Amino acid sequence: SSKGGGGGGFDRGPSRGPSMAAMAQGSTIDMMKAGGRVHPDDEGAGAAAKGPPVDAKAIANKMKSRKTAMKFLNELMLYLLWTFCFTSTIILTRDNVQAYQFNDLFKAYVLDEAGWRENLKTVDDFWEMVGDITYKVLANDIFTTAGDDFSSADTGFLYGNRRMGPMRIRQVRVPSRACSDIYFKKILVTEDQGLTKCYGEFDSSMTLENSFLKEDPDFAPDLDAQPWFKLRDKEELREMSYFSAGFSTYPGAGYVLDISGAQLVDGEVMLQTAPFATDTVRSLNVSVGEVKRSRWIDLKTRAVFIDFSFYNPNLNQFLVARIATEFLPSGIVGIYPTFRVVNPFNIFKMESTLDLIVLCFYGISGLLSAVYFFQEIWTLFKTKTKYFKNGWSVLALLHAAVMLFVFYLKFINFTEVNSMFGGDEEIAQGDLQSLGYILDQEKNLSGIAVIMMWMRLYKFCSVSRALSTLVRTLGKCAMSLSLFMCVYFLSLFGFAVGTTLLFGADAFHFNSTTQSLMTLVRATFGDIDYTDWMSNRVVGPLLLLFWLFFSNAILFNIIVAIICDGFSNVIIENEELDEKGVKSVIGIFLESGILGHRLSKMLSTKKQELGDIENALDLMDGDGDGLTDMAELQAWLTATGADKTLGITALEIMSKYDSDGSGQLDKEEMEEIKEWIRAEQESLRRAEAGEEEEPETNPSQSIEAMMTMMSNMSGGGGGGYSSGMEERVLNIENKVGALDTKL
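Rules behind the numbers
The residue numbers shown here count from 1 along each chain, following its written sequence. Two thresholds apply to this predicted model, a pLDDT of at least 70 for residue-level local features and 80 or more for giving and counting side-chain atom pairs, whereas whole-chain, interface and lining totals are computed over all residues. Where side-chain values are given, they derive from all heavy atoms of the structure, hydrogens and water being excluded. Every patch collects residues that have over 30% relative accessible area and no salt bridge, joining them within 9 Å if they carry like charges and within 5 Å if they are nonpolar side chains (Val, Leu, Ile, Met, Phe, Trp, Tyr). All accessible areas in this document rest on Shrake-Rupley with a 1.4 Å probe, and a residue is counted as covered only by the protein chains that are shown. Note on definitions: salt bridges are taken to be side-chain nitrogens of Lys or Arg within 4 Å of carboxyl oxygens of Asp or Glu. Helical segments are the DSSP runs of H or I of at least four residues, strand segments are the runs of E of at least two, and each set is numbered from the N terminus. Burial classes follow relative accessibility: with a 1.4 Å probe on protein chains only, a residue under 20% of its type's maximum area counts as buried, one over 50% as exposed, and anything between as partly exposed. Should any heavy atoms of two residues lie within 4.5 Å, those residues are considered in contact. Pairs of cysteine sulfur atoms within 2.5 Å are what we label disulfides. Two rings belonging to Phe, Tyr or Trp (six-membered ring only in the last case) form a pair when the distance between their centres is within 6.5 Å. Interplanar angles under 30 degrees mark stacking, angles over 60 mark edge-to-face geometry, and anything in between is tilted. A ring is scored as having a charge over it whenever the NZ atom of a lysine or the CZ atom of an arginine sits within 6 Å of its centre and within 35 degrees of its normal. Paired strands are those between which DSSP finds at least two bridges. In this description, a line fitted to the C-alpha atoms serves as the axis of each element, helices being fitted only across the stretch in contact, and the angle between N-to-C directions of two axes falls anywhere from 0 to 180 degrees. Put simply, angles under 35 degrees are roughly parallel, angles over 145 are roughly antiparallel, angles from 65 to 115 are roughly perpendicular, and the rest are oblique. Put simply, Ala, Val, Leu, Ile, Met, Phe, Trp, Tyr, Cys and Pro go in the nonpolar bin, Asp, Glu, Lys and Arg in the charged bin, and everything else, Gly too, in the polar bin. Put simply, buried Ala, Val, Leu, Ile, Met, Phe, Trp, Tyr and Cys residues joined by side-chain atoms within 4.5 Å make one nonpolar core. Multiplying one less than the number of residues by 1.5 Å gives the expected span of a helix.

Q: For this particular structure, what's the right way to read a nonpolar patch on the surface?
A: Residues Ile451, Met455, Tyr458, Leu470 and Leu474 make up a contiguous nonpolar surface patch of roughly 470 Å² in combined accessible area. Positionally, methionine 455 belongs in helix 13 (residues 429-455). Taking the relative accessible area as the measure of exposure, methionine 455 reaches 46% and is therefore partly exposed.

Set out below in C-alpha cells:
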C-alpha cells in the first residue's frame, strides 16, 4: 500500500484501516507534529491543488489538540484570576510603608534609644528599664505640655498616638522544687535542707502556685496596699491562654500591676495604678523603687511582660507592644520584644468604591479557594496514594488548605473586631494583645499563601517550552539534588553538634544546635562572624577553613554541576522535540490561529473537496460501460484535482480497489470508494462538532495524557517531559512507525 502525499491515502473501507475518527484519538506525537502537509495554504481552498494535500486525519488531530490546549488555557486563566484577586486584596489593604514608620517610632523611642536590647542583663537593669519605659510611654510629651488642640481634652497621647488603656506589667512565676543532694552535701556541707529550695526552668505543663509565695514564712503582703501581689487569672485579664517568648511558653495568668500614668518626682518615677473592678482601693500612687523594694521580683520570677497599645487616628492603625523579659535559671535577664502594627478595620469594609472592589476580590478569592480545595480532595479520593506521587498535587492541596484557613481567620477577626469595637464594653489591654496576635498570624499566613500561589505559576510554564526550562531542569536533577542535599545535611548536622560543644559556652551563635546550624549555613554563603569561631583560638580557625572548603569548594560546586547537567539535558530535549514536531500549547495556538480560524478554514476546505469528489465519482466512467479503467481514472483525477486533495495516484487506487485484478473498477468497488469518502466526511463533521468517536486499538496515548506530561515535572515537581515519560513517548512513536510500515 501507499501512504501518498497526504499520509493515510485510500483504504478498502472502514474495516481495512484506521478511519479519520480513529486517527483523531491516535498518536499524540502525530497530533502535535507540524509537517508541511498539514499546514493550510494562505490562498484558501483554491490553492489546494497547487500545494501539498490537506490530511483529514491531521486536521481532526489538530482540532482535538486545540481543544485540549483550550482546556489547559482555561485552567490557567482561572488560576490567574485567583492570583490577581488575592494579591490585589493584599496590595490594596496594607500600607507597609506607614506601618513600618509607626512601628519603628516606638522601637527606637522605647528600646533602642537606651540600648535595652543589648544592655539588659541583670535584675537591677530590669528595674532601671521599667522606670525608663513607663515614664516614656505614660508621661506627657511635648505636644501635651504645649496644650495643642488634639490633646487638650485628653493627656493620653504620645506624639499624636492615643494610648489604649493602662500599661500592664504582669509577672509569671515558677514553683519551687528540692535541690540536688550534691548541693547540700558537697556545696553547703549540711544535711539540713531547711528552707533552701531551687527553681528550674519554666514549663507550661507544671502546676503553678495560686498565691504569691516566698520561702520566708513571715511574708504576707497587704493586697489592698500592694495589689501587684494578687494573682489574676486569664479570664479576668482577658489575656491569651499562652504566649511564646524567647525561651519558653507562658500562661495568660499572673501577678499584675496596671499603670495609668507616670511622672518624675525628685528623680524617681512615680506610678499611678489603675485598679481592677474587684479591687477595694480605686487608685494608688507608688514609685518604681517602692515596687522594687517590696521584693516583687525574686528567684521564682521567670517572666515579666510589659504591655501597652497605641492607636494612630491618622493611619487608622493600632500598635500592640509586648516587651517580654525572661529571668533565666542562670541568673541572666533576657528581652524578647514584639511590636505589632495591625489594622483591624480593613476587613470587609463597605465605605467607598475601592472597599466594594476589595470586597468583590475577597469573595472571588474565597470562592475559588473552596473550589480548588474540594477539587483536590476529590482527586485525592479518586487516586488515593497515587496523588502524592506528584509534587504539584501535594503543593496544590496544601496551598488550598492554607487559603481556606486564611479566610477562616479573616472571618474570626471580622467578628472579633465587630464585637470589640461595636459594643459599649471598655477595651482591655488583654483584648488588644489577643487581637494583635491573631491579626498578625492572619498576616503571616496570607504572606505564605501568596508566595505559594505565585510559586505554583511555574506549573503553567509548560505553556511554552522556553518558559518551562527552569522547572524542567530542576525536575531532571531533582533526585540527584535530593540525594546530594542529604549528604550536605548529614555533614551540616555533624558540624553543628560539634561546634555547639566546642564554642557554645563562649559564643552566642553556637549556644545551641539550632543556632549552630544557622551559623554554619550562613558561613557557607560567606556570612562569617570570625570572633565566634575564635572563641576557641586553636580549633576554631581550622574548623572554619575546613568547613568552607568542604561546603563551598566541594559540595556546592557538585550541586552546581548537577544543575548544569540537567540544564544541558533540557536543551537537548528541546532540540529533539522541535525536530519531531512536538508542540507546546503556544505552538498549537500559533499553528491553528489564535481563534482557531486556520483549522476551521482547513476543515471547511476539506469538507468541500470531499463533497465535490463524491459528486464527481459518477462521472469517472467516461464511456458509460459501467467499468472504470486506468485511463478514465487518471483523466478523472486530473480533471477534479482529486489526486492532489487525496494524495494518491491512479495506479495506487487501482491496486487497492481492483480486487479481481481485471484492471477495471466495477460498481461494487466504486461503492467502496464512496463509502470511504462518506466515512471521511462524517469524521470531519464530528471533528468540527467536537464529538468523540470510539477509539480503536492504538499503542499511543491520549492527548490528555500528553498535556499532563507536558505540565508535570519528573519526580512530581515541574513542567515539561520527565526523562521516563520522554522514553515512553519515543517508544510509542517507534511502535506506531513500525505498525504503519507493516500496514
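Moving on, there is more to tell.
Q: Just checking my understanding: could you explain the side chain of serine 446 for this structure?
A: With respect to the secondary-structure elements, serine 446 resides in helix 13. You can call serine 446 buried: its relative accessible area is 4%. Apart from the residues within four sequence positions on either side, serine 446 is in contact with Phe86, Ile90, Val406 and Lys410.

Q: What am I meant to see in the state of the cysteines here?
A: By definition, a disulfide links the sulfur atoms of two cysteine residues through a covalent bond. If you walk through the whole model with that rule in mind, you get one disulfide. Here cysteine 179 connects covalently by a disulfide to cysteine 198, the sulfurs 1.8 Å from one another. Handedness of the cysteine 179-cysteine 198 disulfide follows from its S-S torsion of about 110°: it is right-handed. Of this pair, cysteine 179 sits in the loop between strand 3 (167-173) and helix 8 (181-187) while cysteine 198 sits in the loop between helix 8 and strand 4 (231-232), and the two are 19 residues apart along the sequence.

Q: Please clarify how the packing of aromatic side chains should be interpreted in this entry.
A: Across all of its chains, the model carries 41 aromatic pairs by this definition. For the pair phenylalanine 219 and phenylalanine 229, a centre-to-centre distance of 5.5 Å together with 70° between the ring planes defines the contact as edge-to-face. One end of the pair, phenylalanine 219, is in the loop between helix 8 and strand 4; the other, phenylalanine 229, is in the loop between helix 8 and strand 4, with 10 residues separating them in the sequence. The interplanar angle of 45° and the centroid separation of 6.0 Å between the aromatic rings of phenylalanine 318 and phenylalanine 345 together place this pair among those described as tilted. Taken together, the residues phenylalanine 318 in strand 11 (residues 317-327) and phenylalanine 345 in the loop between strand 12 (333-342) and helix 11 (353-383) connect sequence positions 27 residues apart. Cluster of aromatic residues (ring-pair linked, three or more members): Tyr488, Phe489, Phe495, Phe525, Phe546, Trp547, Phe550 and Phe556. Lying across the ring of phenylalanine 305, arginine 322 places its NZ or CZ 5.2 Å from the centre.

Q: Got a minute to help me understand the pairing of strand 3 in this structure?
A: On any regular strand, side chains alternate: one points to one face of the sheet, the next to the other face. Within strand 3, seven of the seven residues are buried, which leaves the element mostly enclosed by the surrounding structure. Taking every second residue as pointing to the same face, both faces of strand 3 are buried, with Met167, Ile169, Gln171 and Arg173 on one and Arg168, Arg170 and Val172 on the other. As paired strands, strand 3 and strand 7 (residues 254-265) are joined by five bridges and run antiparallel to one another. Residue pairing for strand 7: methionine 167 is matched across the bridge by isoleucine 259. Of the strand pairs in this sheet, strand 3 and strand 10 (residues 301-312) are connected by six bridges, and their pairing is antiparallel. From the neighbouring strand, arginine 168 faces strand 10, where its bridge partner is aspartate 307.

Q: Whenever I open this one, the environment of serine 462 confuses me. Can you help?
A: Turning to its location among the elements, serine 462 is positioned in the loop between helix 13 and helix 14 (469-476). Judged by relative accessible area, serine 462 falls into the buried class, the value being 4%. Expressed as a C-alpha distance, the spacing of serine 462 and serine 584, which sit 122 residues apart in the sequence, is 7.1 Å.

Q: Quick question: what am I supposed to make of the packing of helix 15 (residues 478-503) against helix 18 (residues 539-580) here?
A: Packed helices, taken two at a time, are described by the angle between their axes plus the distance between the axes. Packing of helix 15 against helix 18 leaves a shortest axis separation of 11 Å and a crossing angle of 170°. Viewed along their axes, helix 15 and helix 18 adopt a mutual orientation that is roughly antiparallel. Partitioning the contact of helix 15 with helix 18 into residue classes produces 20 nonpolar, five polar and no charged.

Q: Can you help me understand the nonpolar core in this one?
A: The nonpolar side chains of soluble globular proteins are, as a tendency, buried together. Counting 44 residues, the largest nonpolar core has Phe106, Val110, Phe126, Ile133, Trp296 and Phe308 as its most contacted members. The residues contacting tryptophan 296, other than those within four sequence positions of it, are Trp127, Ile169, Gln171, Arg173, Phe212, Trp228, Phe229, Tyr255, Val291 and Thr301. Counting residues in each nonpolar core, the second largest holds 23 residues, with Phe373, Ala400, Met403 and Leu457 among its members.

Q: It is not clear to me how the environment of phenylalanine 305 should be interpreted in this structure. Could you clarify?
A: Mapped onto the secondary structure, phenylalanine 305 falls in strand 10. Here phenylalanine 305 falls in the buried class, since its relative accessible area comes to 0%. Along the backbone, phenylalanine 305 and isoleucine 323 are 18 residues apart, and their C-alpha atoms lie at a distance of 5.7 Å. Excluding residues that lie within four positions of it along the chain, phenylalanine 305 makes contacts with Arg168, Ile169, Arg170, Val172, Phe243, Tyr250, Arg322, Ile323 and Ala324.

Q: Just to check I follow, could you spell out the pairing of strand 11 for this structure?
A: The element strand 11 is extensively covered by neighbouring structure, given that 11 of its 11 residues are classed as buried. Residues Gln317, Leu319, Ala321, Ile323, Thr325 and Phe327 of strand 11 are buried on one face, and the alternating residues Phe318, Val320, Arg322, Ala324 and Glu326, pointing to the opposite face, are buried as well. Strand direction decides the pairing type here: strand 10 and strand 11, joined by 10 bridges, are antiparallel. When the bridges of strand 11 are listed, alanine 303 appears paired with glutamate 326. The antiparallel pairing of strand 10 with strand 11 creates a hairpin that spans four residues between the two strands, and asparagine 316 there sits at a positive phi of about 60°. Where strand 11 lies against strand 12, 10 bridges are found, and the strand directions are antiparallel. Its bridge partner lying in strand 12, alanine 321 is registered against phenylalanine 339.

Q: Honestly, unusual backbone geometry in this entry has me stumped. Any pointers?
A: One can expect most non-glycine residues to show negative phi and most peptide bonds to be in trans. Notably, tyrosine 159 is not glycine yet its phi reads approximately 55°, a positive angle. Topologically, tyrosine 159 is positioned in the loop between strand 1 (157-158) and strand 2 (161-163). Judged by relative accessible area, tyrosine 159 falls into the partly exposed class, the value being 36%. Positive phi values are uncommon outside glycine, yet aspartate 266 reaches one of about 55°. Considering the arrangement of structural elements, one finds aspartate 266 in the loop between strand 7 and strand 8 (268-273). Take aspartate 266: its relative accessible area is 81%, and that puts it in the exposed class.

Q: Would you mind showing me how to read helix 6 (residues 123-138) here?
A: One turn of the α-helix equals 3.6 residues, which is why residues spaced by three or four share an orientation. Taking 1.5 Å as the rise per residue, helix 6 with 16 residues should run 22 Å; its terminal C-alpha atoms sit 22 Å apart, in good agreement. Among all positions of helix 6, only Asp125, Phe126, Trp127, Met129, Val130, Gly131, Ile133, Thr134, Lys136, Val137 and Leu138 are buried.

By themselves, these are just geometric observations and shouldn't be taken as functional.
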